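# Coordinate analysis (summary)
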Amino acid sequence: MSTAEGGQMMKRAVSYNDVAAFVSMPLSSNDSEEDTSSEEESESKSFPMKKLALVMVGLPARGKTHIARYIARYLNWVGRETRVFNVGNYRREFLGASQPAQFFDPNNQEGRRARWELAIKCLDDMIQWLKHQHGQVGIYDATNSTKERRKYVKERLEAESIRVLFLESICEDKSIIEHNIMETKLRMPDYQNMDPERAVEDFQARIANYERANETIGDDEMISYIKIINVGRTIMLHQLTGYLQGKLVSYLMNMHTLSRSIYLTRHGESEYNVEGRLGGDPELTEKGKRFAVKLAQYIHEEFTAQGKELPLIWTSQLRRSRHTVQFIPTHNVCWRALNEINAGVCEGKTLEEVKQQYPKLHEARLKDKLHFRYPGGESYVDVIQRLEPVMLEVERMREPILIVSHNAVIRAIYGFLIGKRQEECPNLEVPLHVVIKLTPRAYGCEETRVELNVDDDNETSTGSSLESKLASHSTKPPKQVFF
């Protein structure tokens, strides 16, 4: 696999060392690897797997927290109950955020004892959540940079019958470390009110203290591990077993921590939007066509007017989505996976007609919008499953992208990017004629919403000065590629 970074081709090397076969387990299976004694401790029916603890390893500014949060975001979105337990958050909660670099000196016995006690409390809380609160994957986010610490964590978790996988982030590229310090660590609570130069100096001193005691993972530790080197340029695997570990490797092969913006919007208003009908392949209304013009103007101002290349554009294969980008002069990839949720027997009907003709279906949809599946159609869970390969491709990309799709699909994609669980996706607010600009960061996702006014039809009617203005910026017609 190769990817582009900084204009150069980058090869991603993978080392397979004692890797077991990745066996897929059917979601409907009632079998599990061990019997449980109570309902409280039973596994979720949708995920009959042994509990997993993912233990992060690595020095500060190596992207551990970024990776941990991305993994949790992904696993929650695909229906695996996941939570990050960050030892740094415990330190800030109990000791305050303004601890100087000396606090992290390995020779500072008082600081070392305090950090150990907080690490144990964080670990205990993760175990409690995994065993008694239906957690499935706990991510223990800490440096865990010594063999002694890793041995303790492994034995403690295995004593609770929790499978353990270590994930070490190693960075040998100084430019990446410097970028992480400036882009990530200066956003963290520890340095909120500190002069940037002092913050960098203090954090570099903190890193130096950790480096003095750091021990990278070795095969002699007899543990399962993944090593990510230089933010994914090389990935090493050792003694991995199970379906979920294989799924994690697939995700890690595609993710990166570079910043770029992702633009989401629904298609312009369609004839079915006006009539309140489900699905179908209707044309845009006049208002929807005006939105297509305004969207092209917005993209021109965001990119071309600033000397930037136009973003990649993805749409569904339905007309209302494809026609919304018709004035943007660049390639458009039309994904079948981005098509609107299939309403089955309810396609083309209004919700009132569904209520009258299929009252039981109407009630079932109101009770559980996530799992409700239209007869002959799809549920939101089905939509998320078919979107998973698309989102892995989004994670892999390093360039800006504009995705123009449909209500259910944009809800699911938006939910993924801002870290929502499956059950939250069906109720997310994604109105028509609004562009959502998202920029993923280590500690969250920056979001900007821009509402494009399509009510003033004086300047945006067909053949208007605005459309003519856009045409003057276009040097080539848009091309559509179906995928």
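Residue numbering note: each chain is counted from 1, following its sequence as written. Thresholds applied to this predicted model are a pLDDT of at least 70 for local features of residues and 80 or more for the giving and counting of side-chain atom pairs; totals over whole chains, interfaces and linings are not thresholded and use all residues. Side-chain descriptors were evaluated using all non-hydrogen atoms of the structure, hydrogens and water having been removed beforehand.

## Describing the overall build of the protein chain
Helix and strand definitions here come from DSSP, where helices need a minimum of 4 consecutive H or I residues and strands a minimum of 2 consecutive E residues; each element is numbered from the N-terminal end. Counting its regular elements, the protein chain contains 15 helices and 16 strands. Out of the 483 residues in the protein chain, the part that is buried amounts to 53%. Only the protein chains shown count as covering a residue, and every accessible area follows the Shrake-Rupley method with a 1.4 Å probe. Summed over all atoms, the accessible surface of the protein chain reaches about 22400 Å², with 47% contributed by carbon and sulfur. The buried label applies to any residue whose accessible area, calculated with a 1.4 Å probe on protein chains only, is under 20% of its type's maximum; exposed applies above 50%, and partly exposed to all values in between.

## Comments concerning unusual backbone geometry
Phi is positive for His134, close to 65 degrees, though the residue is something other than glycine. Topologically, His134 is positioned in the loop between helix 3 (109–132) and strand 6 (137–141). When its relative accessible area of 46% is taken as the criterion, His134 is described as partly exposed. A positive phi angle is found at Met222, which is not glycine, with a value near 55 degrees. Among the secondary structure elements, Met222 is positioned in the loop between helix 6 (196–213) and strand 8 (225–229).

## Looking at the packing of aromatic side chains
Geometrically, a pair of aromatic rings is defined through the distance of the ring centres and the angle of the planes. Each pair of aromatic rings taken from Phe, Tyr and Trp, with Trp reduced to its six-membered ring, is defined by centres within 6.5 Å and is described as stacked if the planes are under 30 degrees apart, edge-to-face if over 60, and tilted in the remaining cases. If you walk through the whole model with that rule in mind, you get 11 aromatic pairs. Here the aromatic rings of Phe85 and Trp129 are separated by 5.8 Å at their centres, their planes lie at 55 degrees, and the arrangement is tilted. In this pair, Phe85 is assigned in strand 5 (residues 82–86) and Trp129 in helix 3, connecting sequence segments 44 residues apart. What links up through ring pairs into an aromatic cluster is the set Phe103, Phe104 and Tyr210. By the criterion adopted, a ring carries a charge over it if an Arg CZ or a Lys NZ lies within 6 Å of its centre and within 35 degrees of its normal. The aromatic ring of Tyr70 is capped on one face by Arg73, whose charged end is 4.3 Å from the ring centroid.

## What about the packing of helix 1 (residues 64–77) against helix 13 (residues 380–396)?
The N-to-C vectors of helix 1 and helix 13 enclose an angle of 160 degrees; their axes lie 11 Å apart at closest approach. Judged by the angle between their axes, helix 1 and helix 13 are roughly antiparallel. Remark: the crossing between helix 1 and helix 13 carries right-handed chirality. Taken together, the residues of helix 13 that come into contact with helix 1 (itself represented by Tyr70, Arg73, Tyr74 and Trp77) are Ile384, Leu387, Glu388, Met391, Leu392 and Glu395. The axes used here are C-alpha line fits, helices contributing only the stretch in contact, and every angle between their N-to-C directions lies in the interval 0 to 180 degrees. In this scheme, roughly parallel covers angles under 35 degrees and roughly antiparallel covers those over 145, while 65 to 115 is roughly perpendicular and the rest are oblique. Left-handed describes a crossing whose near helix is turned anticlockwise from the far helix by less than a right angle; the clockwise case is right-handed. Two residues qualify as a contact provided that any one of their heavy atoms is within 4.5 Å of a heavy atom in the partner residue.

## Notes on the confidence of the model for the protein chain
Per-residue confidence for the protein chain gives a mean pLDDT of 85; residues scoring 70 or more make up 83%. Here residues 1–48 is modelled with pLDDT under 50, and outside its nearest four sequence neighbours on either side it reaches 86 contacts, counting other chains as well. pLDDT gives the predictor's per-residue confidence on a scale running from 0 to 100.

## Concerning the UniProt feature "binding site: substrate" (unreviewed entry) in the protein chain
What UniProt calls "binding site: substrate" (unreviewed entry) maps, in this numbering, to Arg266, His267, Gly268, Glu269, Ser270, Glu271, Tyr272, Asn273 and Arg320. Separation in sequence by 55 residues is not matched in space for these annotated residues, since their most distant C-alpha atoms are only 14.2 Å apart. Mapped onto the secondary structure, Ser270 falls in the loop between strand 10 (262–266) and helix 8 (271–275). Judged by its relative accessible area of 1%, Ser270 is buried. With residues near it in sequence (within four places) discarded, Ser270 still touches Pro282, Glu283, Leu284, Thr285 and Arg320. By relative accessible area, Tyr272 is classed as partly exposed at 23%. Non-local contacts of Tyr272, meaning those with residues more than four positions away in its chain, are made with Arg277, Leu278, Gly279, Gly280, Pro282 and Gly348. UniProt positions are given in the numbering used here, feature names are shortened, and annotations may be inferred rather than shown by experiment.

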